[in-house]
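For reference, the chains in residue letters:
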Amino acid sequence: MSYQIIESCVTCHACEPLCPARAIYRADRHFSIDANKCTGCDGDYADPQCVSICPIEGAILDPSGVAANPPGSLTGIAPERLPAAMAEIQAR
Amino acid sequence: MALQLIGQATDDGAAGCTVSGCGGSSAQLSHLSAQIREKVHNHPCYSEDAHHHYARMHVAVAPACNIQCHYCNRKYDCANESRPGVVSELLTPDQAVRKVLAVAAAIPQMSVLGIAGPGDPLANPERTFETFRRLSEKAPDIKLCVSTNGLTLPDHVEALCRLNIDHVTITINCVDADIGAMIYPWVFWNNRRVKGRKGAAILIEQQQRGLAMLSARGVLVKVNSVMIPGVNDQHLEEVSRVVKAKGAFLHNVMPLIAEAEHGTFYGVMGQRGPTHTELQRLQDRCAGDMNMMRHCRQCRADAVGMLGEERGDEFCMEKVEQMEIDYTAAMQQRAEYHAAIEANREAQKHHSGERFVAVSAIKRSQRETRPVLMAVASSGGGVINQHFGHARAFLVYEASPTDVRFIGHRKVDLYCSGGEHCGDAESTLARIIRALDGCEAVLCSRIGYEPWEQLEAAGIQPNGEHAMEPIESAVAAVYDEMVKNGLAEHRTPSERLRIGA
Ligand code: SF4
Ligand code: SF4
Ligand code: SF4
């Protein structure tokens, strides 16, 4: 049932104070989740808190090992739309 | 942070976002009540004149953030960048207090401590307020200020007032949610991530509520806006009107800093920042509505020293731990130093007052002359006291038949670090010349032969004749000279074309 933080975490500190289970700790190079403590926020919040504030796509994996914030989910630009969005921005 | 960019951020940036913005010219401040003037007269960020004399510092105690700005990469840990949101060492409140006391003992010009990030100070309320609380006990003479993106501001107004924080900076880039959606992809609100237009609408509403609440309590609020061409450049005039109506005291429009190597969304996507001219035009348009601050240096979230000066390295925690400080003596020394600064400023006021006589005399001669931009190298004190090759940033002034006014800063990479003949001085000089685009003279204490020639060739007249003189009167004197020599006549259309090209 545990979420997992992987090495693309930029150590921004945003998730750590939000975890209701106090499962998040500063590991050597980035933050990590103690798999024994993480509850997935069940019973506390509708959405997992770490996933809801993390600014980095792909830094947190859900219990099935899939990126909880997949590519394009935080920028609001789906990968296939990227070239078009870039052209639009560069024309500004 | 108000930072803006954490990556870009607060000091030079954003992330640290906002603290660093600063204030208005003395003319702009003259209509303010005596009570407000008393609050800003020694704040380097709020008063254009004070920034020549007083120092500020930011402490990086607030890493977390609750929104995403497209100009921020949230990777604050970069020692090589100097812009808002960037810091090299994250401090605990305890370390921050020690550091502030050490700096305030070593730099007696210190008058202000700000918390600007590297995240949003109000998304880290315990760390931020703990730092303020302990400092107000240990160094009551230091003014405290904070920068925020505003999302949770209404919840903290009470606490800010209780701690006597009398300056708050809010970064407000828009008052329209459709524009907001192009700047803020999401906000974290009521324990959920809210994306797009909806998230931007929440942020805007909270910012405006917080602004109105603070103004009602008599807290000075500065609004920082990041000018993003094609996104909010046409919209910031309206922002200026709205925030003024809600009681903001100063509006600071800053240029977007976006480079691919900063790793921000805008940087990577190729969003451009404004040119000097675009920025200045917008600042002029907003100036009709309220005080504009033009001397902001977009400082790092851990900036230390006079604006534009970076002394953070002298005060890393390792060194601070070694220092022995007599707090009471340091406070006494600061009080004496500040009194001396004030006496000095009073004297300068008299001196530069004469200039207005000289300048208006030109007007009486009925010659139609045009305004001229000049760059000035100064390391502080309100005088021309810096060698051209040592200037990391130039102050730009506009001289016209009626007055001399401060327009803004132009940052350049340091071109000479000591020796007369450094390695790639040439390309750096070319960069400086580009940064000084639009200026017709550069005033400094001294300048080498080679840069002199190249500046002249680029149409920028170097001038070392006014070393150690107050900036404004020197600029007025140079303008006077240009007028006498017929160099400030209105340009013919063909000349204008050539210059624009
Ligand atoms: S999912 Fe919830 S409980 Fe698990 S680490 Fe994230 S915040 Fe903590
Ligand atoms: S919010 Fe994401 S990037 Fe920030 S510390 Fe947590 S896992 Fe790392
Ligand atoms: S994302 Fe947060 S830290 Fe970065 S600039 Fe915006 S408000 Fe500041």
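Our structure's up above, just so we're on the same page.
The rules behind each value
Residues numbered from 1 in each chain as written. Chains lettered and ligands numbered in written order. Predicted model: local features only at pLDDT ≥ 70, side-chain atom pairs only at ≥ 80, totals over all residues. Heavy atoms only, no water. Contact = heavy atoms within 4.5 Å. Buried area = accessible area lost by both parts, 1.4 Å probe. Polar contact = N/O pair within 3.5 Å; in protein donor to acceptor, adjacent residues only side chain to side chain. Helix = DSSP H or I, 4+ residues; strand = E, 2+ residues; numbered from the N terminus. Buried < 20%, exposed > 50% of the residue type's maximum accessible area, 1.4 Å probe, protein only. Pairing = 2+ DSSP bridges. Right-handed = clockwise from strand over helix to strand, strands pointing away.

> Is there a simple way to explain the interface of chain B and chain A in this structure?
Where the parts come together, the accessible area they lose is often given as the size of the interface. Each partner contributes residues to the interface: chain B has 28 residues there, and chain A has 26 residues. Of the roughly 2200 Å² buried at the junction of chain B and chain A (both faces included), carbon and sulfur atoms supply 58%. The largest contributions to the chain B side of the interface with chain A come from Asn-191, Arg-193 and Met-269 of chain B, which together make up 28% of the buried area. Across the chain B-chain A interface, the total number found is 10 residue pairs in polar contact (both at pLDDT 80 or more). Going through the elements one at a time, β6 (186-189), β7 (192-195) and α9 (265-269) of chain B are the ones with two or more residues in the side of chain B that touches chain A. The element that contributes the greatest number of residues to the side of chain B that touches chain A is α9 of chain B, accounting for four residues.

> I'm lost on the pairing of strand β8 (residues 220-227) of chain B in this one. Help?
Walk down a regular strand and you will see the side chains alternate between the two sheet faces. Residue and element names in this part refer to chain B. The element β8 is largely enclosed, with a buried count of eight among its eight residues. Burial of β8 is two-sided: the residues Leu-220, Lys-222, Asn-224 and Val-226 facing one way and the residues Val-221, Val-223, Ser-225 and Met-227 facing the other way are all buried. With five bridges joining them, strand β5 (residues 167-171) and β8 adopt parallel strand pairing. Looking at the pairing, His-167 lines up with Leu-220 of β8. Relative to strand β9 (residues 250-255), β8 runs parallel, the two being bridged by six bridges. Among the inter-strand pairings, Val-226 is bridged to a residue of β9, identified as Met-254. Taking the sense of rotation as the criterion, the β-α-β connection linking β8, helix α8 (residues 236-245) and β9 turns out right-handed.

> I tried to follow unusual backbone geometry on my own but got confused; where do I start?
With the exception of glycine, most residues fall at negative phi, and the peptide bonds are largely trans. Residue and element names in this part refer to chain B. For Asn-191, which is not glycine, the phi torsion reads 65 degrees and is therefore positive. Tracing the backbone through its elements, the reader meets Asn-191 in the loop between β6 and β7. Exposure remark for Asn-191: the relative accessible area of 29% places this residue in the partly exposed category. We note that Met-468 has phi near 70 degrees; this positive angle belongs to a residue other than glycine. When you line up the elements, Met-468 lands in the loop between β15 (461-463) and α15 (471-484).

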